[in-house]
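The primary structure of each chain is shown beneath.
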Amino acid sequence: MAIRQLSPETINRIAAGEVVERPASVVKELVENALDAGAREIEVVTAAGGLSLIRVTDDGIGMDAADLNLAVERHATSKLASDDLLAIDTLGFRGEALPSIGSVACLAITSRPHGARDALEITVDRGAKHALKPAALNPGTRIEVRDLFSATPARLKFLKSERAENLAVSEAVKRLAMAHPHVGFSLTTGERTSLSLPACEPNADGLLKRLGRIMGAPFMADAVAVRGERDGIRVHGFAGLPTLHRPDAAQQFLFVNGRPVRDKLVTGAVRAAYSDLVPRGRHPLLALFVTLPPSEVDVNVHPAKTEVRFRDGGAVRGLLIGALRHALETAGFRASAQGGARTLETLARTGMSTPQAYPDRNIAYAPRPLDGFAEEQQTAFGEFSAPAADTSVHEEAPASDHRARPLGAARAQLHETYIVAETEHSVVIVDQHAAHERLVYERLKSALENGGVARQALLIPAVVEVGDDEAAALGEKTEELTELGLVLERFGTGAIAVREVPALLGTSEVDGLVKDLAADLLAEGSAAPLRERLEAVASRMACHGSVRAGRRLTGAEMNALLREMEATPFSGQCNHGRPTYVELKRSDIERLFGRT
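Residues numbered from 1 in each chain as written. Predicted model: local features only at pLDDT ≥ 70, side-chain atom pairs only at ≥ 80, totals over all residues. Heavy atoms only, no water.

Student: Can you explain the environment of Arg146? Please cite residues and give values.
Tutor: Examined against the element boundaries, Arg146 turns out to sit in strand E7 (residues 140-146). Using a relative accessible area of 38% as the deciding quantity, one classes Arg146 as partly exposed. Along the sequence, Arg146 and Arg55 sit 91 residues apart, while their C-alpha atoms lie 8.6 Å from each other. Discounting chain neighbours no more than four positions away, the residues touching Arg146 are Leu51, Ser52, Leu53, Ala105 and Cys106. Among the polar contacts listed, one links the side chain of Arg146 to the side chain of Glu144, at a separation of 3.4 Å. (Helix = DSSP H or I, 4+ residues; strand = E, 2+ residues; numbered from the N terminus. Buried < 20%, exposed > 50% of the residue type's maximum accessible area, 1.4 Å probe, protein only. Contact = heavy atoms within 4.5 Å. Polar contact = N/O pair within 3.5 Å; in protein donor to acceptor, adjacent residues only side chain to side chain.)

Take a look at the structure:
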């Protein structure tokens, strides 16, 4: 077949196949145009998942007759002052969106510049351009797209359900709204307004308010501010506490110079920053905004402009990791407020129902008219004489200022596992093993960074039977383990002799520690970087060297644990990502009992 020149209509439809994948792609392009035009209010309306109607109305600068005529021509744009593609500071720049949309649908653009008396309208019906005509409109621009893909009906069979397309449209609008909190957005799908976001103040509080409206109130309550700068690259935004996580990465957002992008860079940076803070298979919530000179990032690498390429990706990744880690360290012992809320919900659901009979205690609830003091109606406490908790902590009253501390003063130990503390406005319940595990782990990491872990020699080396494969795996890592304070060597077939242990851990549980380390080394191999492997081993050591559940603590020990938690970064979650404490606000407890 001979080579031939394609017609303009065919060229436009091919371009539309790259730019216009689905209705959400059209919405994204039109809303980006509105933002580039300086809009402060943007209204999006769709019908039938965006196939029968997409309408985007804005109050931007508008277009005159000359601009309207050029706007629907290919590769015509007002966003490139020169031909330098490394100086792009707008969301759009190619000049392909409007002609591509007009080639596969019925496109109508109505616009009125500020200061003009009348509006003008131009239409493009499946590639056929019509003449300008007068119209009525407030200053700004309105773009209507009807019968999307009517010129290429084969594309319709690749679309999903109306509900799925509506969700994709909503996601596109939300991402752009997150990047521009100073702009008001509304989205109407069918007859329902599914999104209404008033403009926020152009500051950190305004950004958090906008993120909370989109990512949810739990994120707003548990977010910490992220900020960093290095070599002309700046990052700001908010990240959720490690105890706030979900099973997928759908709530991780990255914006580069105001442009929402999907990039593996953020995935790797988040994984590194939260490496020992969230459970395996769970993902934290965050929204990060990177600002850098346009010459340092290439935005022209994807037809839909959803991917970018950094000139120095390593510098951006390092900045993201450092800023996230610093923000999480600054949060200290904070844990998600959702832990306390879920606890109260559980209590309200299971523990506050209508009183029932207790046949095993021969106590029954039998309401009768009150004819005297309330005390006469109460069951004697004799049936509950057996203590349910260790209350010996009251033998020596805690210091008066402990209640003013963030984690309060220890009041009791339940089941020799949980510490109950009282603050001035709440009750705190601490998992002693999880909390101490994190404290020991942070001490081990600090020792590693400061030249090595102090060791304690065993008077008699401990010989641990682990099996041939396990012994070989441990033998290959003797240098790394020595750096962590664990000195061991092969001892015959399938055995290991332990000569020194980290002083932080003491000499207990050497057998279990060595066996668990061997199993971990066999399972994970040696592909991970040295630092990650060292921290993984330190985590396992901390688990074995921490206060175990079932150990009774004195009041002084409990208060000392609380004070060290307050002074230690990341102590709101254990090494496995589980929360170390929950806090129940006094006001919530009073509501639980109907006192307010």
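Student: Report on the sheet that holds strand E22 (residues 455-465), specifying residues and quantitative values.
Tutor: What the three strands build is an open sheet, ordered E22-E24-E23; its pairing is antiparallel. Sheet topology places E22 and strand E23 (487-490) at the edges, where each strand pairs with a single neighbour. Within the sheet, the average angular offset between the axes of one strand and its neighbour, ignoring direction, is 15°. Summarising the sheet, E22 and strand E24 (residues 495-502) pair through seven bridges and their orientation is antiparallel. Bridging from a neighbouring strand, Glu465 pairs with Ala495 of E24. (Pairing = 2+ DSSP bridges. Axes fitted to C-alpha atoms, helices over the stretch in contact; angles between N-to-C directions.)

Student: Describe the nonpolar core, listing the residues and the values that go with them.
Tutor: Core analysis: the largest hydrophobic core is formed by 58 residues, its most contacted members being Ile42 and Val145. Sequence-distant contacts of Val145, defined by excluding residues within four places in its chain, comprise Val26, Leu30, Ser52, Leu53, Ile54, Ile101, Ala105, Cys106 and Leu107. Among the nonpolar cores identified, the runner-up in size contains 37 residues, and Leu254, Val270, Leu286 and Leu324 belong to it. (Core = buried A, V, L, I, M, F, W, Y, C linked by side-chain atoms within 4.5 Å.)

Student: Could you give an account of the sheet that holds strand E13 (residues 252-256), with specific residues and numbers?
Tutor: Spatially, E10-E11-E16-E13-E14 is the arrangement adopted by the five strands of the open sheet, whose pairing is mixed. Every other strand in the sheet has two partners, leaving strand E10 (223-230) and strand E14 (259-261) as the edge strands with one partner each. Direction aside, neighbouring strands of the sheet carry axes that sit 20° apart on average. Summarising the sheet, E10 and strand E11 (residues 233-240) pair through eight bridges and their orientation is antiparallel. What sits directly across from Arg230, in E11, is Ile233. The strands touched by helix H6 (residues 204-215) within the sheet are E10, E11, E13 and strand E16 (286-291), with E11 carrying the most contacts at an inclination of about 50°.

Student: Before we move on, could you go through unusual backbone geometry and cite the residues and values that matter?
Tutor: A positive phi angle is found at Asn257, which is not glycine, with a value near 50°. Tracing the chain through its elements places Asn257 in the loop between E13 and E14. At Phe570, a position not held by glycine, the phi torsion is positive, near 65°. By secondary structure assignment, the location of Phe570 is in the loop between helix H16 (555-567) and strand E25 (581-585).

Student: Give me the lowdown on the side chain of Ser111, citing residues and values where you can.
Tutor: Relative to the elements of secondary structure, Ser111 occurs in strand E3 (residues 106-112). In this structure the side chain of Ser111 is engaged in a polar contact, spanning 3.2 Å, whose partner is the backbone oxygen of Gly140. Only 2.9 Å separates the side chain of Ser111 from the side chain of Thr141, close enough to count as a polar contact. Leaving out residues up to four positions away in the same chain, Ser111 has contacts with Gly62, Met63, Leu68, Ala119, Leu120, Leu137, Gly140 and Thr141.

Student: Would you mind going over the environment of Arg586 in detail, with residue names and values included?
Tutor: Here Arg586 lies in helix H17 (residues 586-592). For Arg586 and Thr423, which are 163 residues apart along the polypeptide, the C-alpha to C-alpha distance reads 9.3 Å. What Arg586 contacts, discounting residues up to four positions off in sequence, is His425 and Ser426.

Student: Let's hear about helix H2 (residues 23-36): which residues, and what values?
Tutor: For H2, which comprises 14 residues, the first-to-last C-alpha distance of 20 Å matches the rise-based estimate of 20 Å (1.5 Å per residue) to within 8%. Where burial is concerned, most of H2 is hidden: twelve out of the 14 residues are buried. Where H2 is concerned, the buried positions are Pro23, Ala24, Ser25, Val26, Val27, Lys28, Glu29, Leu30, Val31, Glu32, Ala34 and Leu35. Positive phi shows up at Gly38, right after H2, with a value of about 80°. (Expected span 1.5 Å × (residues − 1).)

Student: Report on the pattern of salt bridges, specifying residues and quantitative values.
Tutor: Evaluated as defined, the whole model comprises 27 salt bridges. With a shortest N-O distance of 3.4 Å, Glu422 and Arg403 are connected by a salt bridge. Placement of the pair is Glu422 in strand E20 (residues 418-422) and Arg403 in the loop between helix H10 (338-351) and strand E19 (409-414), with a sequence separation of 19 residues. With a closest N to O distance of 2.9 Å, Glu566 and Arg563 form a salt bridge. Taken together, the residues span about one helical turn, with Glu566 and Arg563 both in helix H16 at a distance of three residues. On the basis of relative accessible area, Arg563 is assigned to the buried category, the value being 15%. (Salt bridge = Lys/Arg side-chain N within 4 Å of Asp/Glu carboxyl O.)

Student: How would you summarise the environment of Glu500 if you had to cite specific residues and measurements?
Tutor: By the element assignment, Glu500 lies in strand E24. Accessibility expressed as a relative area gives 22% for Glu500, which makes it partly exposed. Separated by twelve residues in the primary sequence, Glu500 and Leu488 have C-alpha atoms spaced 7.1 Å apart. Not counting the four nearest positions on each side in its chain, Glu500 is found in contact with Arg455, Gln456, Ala457, Gly485, Leu486 and Val487. In this structure the side chain of Glu500 is engaged in a polar contact, spanning 2.9 Å, whose partner is the side chain of Arg455.

Student: Quick one: what's the story with the packing of aromatic side chains, residue by residue and with numbers?
Tutor: With the rule as written, the count across this model stands at one aromatic pair. Judged by centre distance (4.6 Å) and plane angle (10°), the rings of Phe255 and Phe289 are stacked. One end of the pair, Phe255, is in strand E13; the other, Phe289, is in strand E16, with 34 residues separating them in the sequence. Residue Phe255 is classed as buried on the basis of its relative accessible area, which comes to 1%. Given the relative accessible area of 6%, Phe289 is considered buried. (Phe/Tyr/Trp six-rings, centres within 6.5 Å; stacked < 30°, edge-to-face > 60°.)

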